[in-house]
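Residue-level structure breakdown
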Amino acid sequence: MTVTNNAPSGPSPDVAGAGTDVEVAVDLITVVVDGVEMRVPKGTLAIRAAEQLGIEVPRFCDHPLLDPVAACRACLIEVEGMPKPQPACAQVLSDGMEVRTQYSSEVARVAQEGVMEFLLLNHPLDCPVCDKGGECPLQNQAMSVGRPESRFTGAKREFEKPINVSAQVLLDRERCVSCARCTRFAEQIAGDPMIELLERGAKQQVGTAADEPFDSYFSGNTVQICPVGALTSASYRFRSRPFDLVSVPTACEHCASGCSLRTDYRRGVVTRRLAWDDPDVNEEWNCDKGRFAFAYLNQGRIESPMIREHGSLRVASWPEAIDAAARGLATARGSVGVLVGGRSTVEDAYAYSRFARTALATDHIDFRARQGSAEEAAFLSSKVAGAPVSAAYDDLESAPAVLLVSLEPEDESPIVFLRLRKAARAGTQVLSVGATATRSLGKMSGRLVSARPGDEANALRSLDDETRALLGQPGAVILVGERIAGSVGAASAVLELARETGAALAWVPRRSGERGALDAGALAGLLPGGRPLTDEQARRDVAAAWGVEAADLPSEPGLIGADLLEAARDGRLSALVVGGVELADFADPGLAVAAVENADFVVSLENHHSAVTELADVVLPVAVVTEKSGTFVNWEGRPRPFGQVFRDALTMSDARVLAMVAEAMGSSLPADVASIRKEMGALGPWTGARTPAPDTAPGASADGVVIASWRQLLDSGLMQEGEPHLAATARPTVAIVSASMAAALGETVTISGPAGSVTLPVVTGDVLDRVVWVPTNSPGCHIHADLGAVPGTPVQLSAGGAA
């Protein structure tokens, strides 16, 4: 028998999205479960076969994404010909096997009842106060397969409660049933074997080494999969009961992985987030940032519009603020820059794109509130914007080889990391171009392709024959991170490598809104769907959809990146519209501040107070993700729609606020999500000529010691504020250098850059000589502001705390 697999197979960029039907032969066997004959693939576990028939076998240790371990013995079944009951979660079926569950076998029923009785012997009667109460598998299965009364009269074991497995995860040891879900997740899925079962017998308990807490980026998943409430989160403990909560399916706003989440709230306040089961994207996992970093939704919010009067901001009514914004922008029409932050949904980014080209008559727009370059913009416009999916999560799992360029997935796209680790355990070869063999590369059994910061293009063009042969295999994938913008010629070299090897090429930005903003045309020279601004047919298509004349649209590509900021600083642009941008995120924060300070008129659409709102002339409050519906587009190009959590929220989305300003200026924009989606859909895919691909000669690394850096997953980001337990699990701020450099420097090092210096502890790592790695934006080290540096910047090192 054959089955058809329609999953994407990772074609080359030139045939991206073509897809093929692959006939996969499956060896089927015949088994009997509770008297029902069925055919299942060879290697199927008995518990999975029972599930296919709708038979629920009790279990605690079993999880479909973890290796079977048969630790809890709750799933015992009778197997014909075997003298004793067998664990269904570990029993591999063979042809002709007959199994009986508790529904047809007294042996299985009694065995399961006995195991449940043993599990409850020492389990405390915490149900009225336990966070798991009301959604607890132990509660449910004790009622369905357990004895109606306990025969145990002795004293239950007791432990001090709770203890900290980490700052974020708390453990009630007496609740634990030793199912080993948490330890297997940490070892098999996350690659962080910091948590283990200790002791033996009645003293067995989950624990960690005294000097190594469970500071994993994925520790919150152990709380969710714990079946008995032994592991709880510090942020949710005793906050609510499941039956008090309203649950809404949502999408994560923190990165471009695109995780499906479940947001739970009570009385208008978000109380927790859980990973939502989405096999195509995040499976059943998410990172701790997506799970716990939601306190910002309620703290530091801008509640009312404000306008600047006599040098100070004052609260204003919506009509007054909209009128002030419209008058100021109308005066500057044609000389306005638009900066779109990475938090924008695709609908909001589309509104900024249309607002810029129609209401403001400008093409000076950029969504990259970070280091960017003209080469990167050309790369994105030519190969990524509006393009069909070239690689997906499934392709990572099936790829023979994956090459990472300017991408540290555990920090910059955690679910990509989990999929790559899963793939590596199955045999995928992971390679990373960079200056340091990171901890996560080791967890993926990966290999470093050495390149000093700034020298990535030369490294890519000089790959050895073995590596090129790996990437030439069908299904190979190249993943490119946003930091490629800082390496001259690297984007051009990646494109050439993809053409030569046929490997699929995908761009993995760090922020959740960047891919959608690119597709929406929030970049100078680019109209929605990847349409070049200078293409006459593209202009006619967009003009027709927008209800304007093609001649009314800007005809020449506008300014981007540092050029846009310099024009505002120097007075060549009269006004700025800034939506959700943090000035400290730019490669040159001083330039960004000067641009906002020197612009004649600044409108800020923001949900939290920031450096921009302190300088703006008009501040318009906008909704956070729980107060609006919309869509993020993840790195694959897969839409991740989400609904509005708080349906009675009065705060408006960026798109609706922009529509109000446009109307006051005599223009029009669609204001609601449905209208925007309809308009974007009417435009359809672009099949014409695309922006020319970049062809930039390779740059070279600077002489001397240079900086290597990226943003860690948990850092000083504003969307992580208000969650001290999460912040306590962040990795320490250190300088990582080679062994020879560490020996010369001692315990601490002072790093001096163009704008200042920082002093950090020294850690020895697998780093190239004459390279020092530091985090980009962590407490005690913000390289843009503190050092005036970006990756590849030459720096001076001094041993100890010397200046």
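**Topic: the overall build of the protein chain**
Counting secondary structure elements, the protein chain contains 26 helices and 39 strands. Against the compact-globule benchmark of 28 Å for 803 residues, the protein chain has a radius of gyration of 28 Å, which places it among compact chains. Dimensions along the principal axes, computed over C-alpha positions, put the protein chain at roughly 85 × 60 × 60 Å. Residues classed as buried in the protein chain amount to 59% of the 803 residues present. In the protein chain, the share of contacts with a sequence separation of at least 24, taken over all contacts with a separation of at least 6, comes to 70%. Surface summary for the protein chain: the accessible area is close to 30,800 Å², and the carbon and sulfur share equals 51%.

**Digging into the domain arrangement of the protein chain**
Split into domains, the protein chain comes out as domain 1 (28-121), domain 2 (300-367 + 515-683), domain 3 (380-512) and domain 4 (706-799). Each of domain 2 and domain 4 was reduced to a C-alpha centroid, and the two centroids are 33 Å apart. On the domain 4 side, the residues contacting the six residues of domain 2 number five residues. The junction of domain 2 with domain 4 conceals about 430 Å² of combined surface from both sides, 62% of it contributed by carbon and sulfur atoms. Contact with domain 4 buries surface across domain 2, with Asp-585, Ala-587 and Pro-589 losing the most and accounting together for 64% of the total. Between the two partners, domain 2 and domain 4, sit one salt bridge. Notably, a salt bridge pairs Arg-711 with Asp-585, separated by 2.9 Å at the nearest N-O pair. Where domain 2 touches domain 4, the interface holds one residue pair in polar contact (both at pLDDT 80 or more). When the residues that make up the side of domain 2 that touches domain 4 are grouped by side-chain class, the tally is four nonpolar, no polar and two charged.

**Here's the deal with unusual backbone geometry**
In terms of backbone geometry, most residues other than glycine have negative phi values and most peptide bonds are trans. Between Lys-161 and the following residue, Pro-162, the backbone shows a cis peptide bond with an omega angle of -15°. You can see Pro-162 is positioned in the loop between helix H3 (137-145) and strand E8 (163-164). Residue Ala-70 is not a glycine yet carries a positive backbone phi of 55°. Overall, Ala-70 belongs to the buried group, its relative accessible area being 11%. In this structure, His-310 is a non-glycine residue whose phi angle is positive, near 55°. Inspection of the secondary structure puts His-310 in the loop between strand E16 (306-309) and strand E17 (312-315). Residue class for His-310 comes out exposed when judged on its relative accessible area of 79%.

**Observations regarding the pattern of salt bridges**
Applying the stated criterion to the full structure yields 61 salt bridges. Where Glu-80 meets Arg-100, a salt bridge forms, and the shortest distance between an N and an O atom there is 2.7 Å. One end of the pair, Glu-80, is in the loop between strand E5 (76-79) and strand E6 (86-87); the other, Arg-100, is in strand E7 (residues 98-100), with 20 residues separating them in the sequence. Take Arg-100: its relative accessible area is 24%, and that puts it in the partly exposed class. With its nearest N and O atoms 3.4 Å apart, the salt bridge here joins Arg-370 to Glu-482.

**Examining the pairing of E17**
Bridge analysis of E16 against E17 gives four bridges, and the strand direction is antiparallel. Within the sheet, the bridge partner assigned to Glu-309 lies in E17 and is Ser-312.

**Here's the deal with the pairing of strand E30 (residues 630-633)**
Along E30, one buried face is formed by Gly-630 and Phe-632 and the opposite face, lined by Thr-631 and Val-633, is buried too. Looking at chain direction, E30 and strand E31 (residues 639-642) are connected through four bridges and run antiparallel. What sits directly across from Val-633, in E31, is Pro-639.

**Things to note about helix H2 (residues 106-121)**
For an α-helix the count is 3.6 residues per turn, leaving residues at separations of three or four pointing the same way. The end-to-end C-alpha distance of H2, which contains 16 residues, comes to 23 Å, matching closely the 22 Å that a straight helix rising 1.5 Å per residue would cover. Those residues of H2 lying buried are Ala-108, Ala-111, Gln-112, Glu-113, Val-115, Met-116, Glu-117 and Leu-119. Buried positions along H2 lie against E5, E7 and H3. Among the residues of H2, the N-terminal cap falls to Ser-105, whose side-chain oxygen and the backbone nitrogen of Val-107 are separated by 3.3 Å.

**Remarks on the environment of Gly-722**
Topologically, Gly-722 is positioned in the loop between strand E32 (706-708) and helix H24 (724-727). Separated by 429 residues in the primary sequence, Gly-722 and Ala-293 have C-alpha atoms spaced 8.1 Å apart.

**Some details on the sheet that holds strand E22 (residues 447-450)**
Taken in spatial order, the five strands of this open sheet run E22-E21-E20-E23-E24, and their pairing is parallel. Of all the strands in the sheet, the pair left with one neighbour each is E22 and strand E24 (504-508). If you compare each strand with its neighbour and ignore which way they point, the axes differ by 20° on average. Taken together, the four bridges between strand E21 (residues 429-434) and E22 define a ladder with parallel strand orientation. Its bridge partner being in E22, Gly-434 is matched across the sheet by Ser-450. The strands touched by helix H16 (residues 490-501) are strand E20 (401-405), strand E23 (477-481) and E24; relative to E23, the strand with the most contacts, the crossing angle is about 170°.

**Some details on helix H22 (residues 654-664)**
When we look at burial in H22, the residues that qualify are Asp-654, Ala-655, Val-657, Leu-658, Ala-659, Val-661 and Ala-662. At its buried positions, H22 is contacted by helix H7 (318-331), helix H8 (346-359), strand E28 (601-606), strand E29 (618-621) and helix H23 (673-683). Note on H22: the residue one or two positions beyond its end, Gly-666, has a positive phi of about 85°.

**A short note on the packing of aromatic side chains**
What the rule picks out here adds up to seven aromatic pairs. Centroid distance Tyr-393 to Trp-635: 5.2 Å. Interplanar angle 80°. Geometry classified as edge-to-face. Note that Tyr-393 is positioned in helix H10 (residues 393-398) and Trp-635 in the loop between E30 and E31, a separation of 242 residues in sequence. Both residues of the pair, Tyr-393 and Trp-635, count as buried.

**Here we look at the nonpolar core**
Among the nonpolar cores identified, the biggest contains 91 residues, and Leu-329, Phe-355, Leu-403 and Ile-478 are the most heavily contacted of them. If you tally residues by element for this core, the top one is H8, at eight residues. With residues up to four places along the chain from it excluded, the contact list for Leu-403 reads Leu-431, Val-433, Leu-460, Leu-463, Leu-471, Val-477, Ile-478, Leu-479 and Leu-497.

Rules of the game
Residues numbered from 1 in each chain as written. Predicted model: local features only at pLDDT ≥ 70, side-chain atom pairs only at ≥ 80, totals over all residues. Heavy atoms only, no water. Helix = DSSP H or I, 4+ residues; strand = E, 2+ residues; numbered from the N terminus. Rg over C-alpha atoms; globule rule 2.2 N^0.38 Å. Buried < 20%, exposed > 50% of the residue type's maximum accessible area, 1.4 Å probe, protein only. Contact = heavy atoms within 4.5 Å. Areas by Shrake-Rupley, 256 points an atom, 1.4 Å probe, with all protein chains shown as cover. Domains from an automatic or database assignment. Buried area = accessible area lost by both parts, 1.4 Å probe. Salt bridge = Lys/Arg side-chain N within 4 Å of Asp/Glu carboxyl O. Polar contact = N/O pair within 3.5 Å; in protein donor to acceptor, adjacent residues only side chain to side chain. Nonpolar A, V, L, I, M, F, W, Y, C, P; charged D, E, K, R; others polar. Pairing = 2+ DSSP bridges. Expected span 1.5 Å × (residues − 1). Axes fitted to C-alpha atoms, helices over the stretch in contact; angles between N-to-C directions. Phe/Tyr/Trp six-rings, centres within 6.5 Å; stacked < 30°, edge-to-face > 60°. Core = buried A, V, L, I, M, F, W, Y, C linked by side-chain atoms within 4.5 Å.

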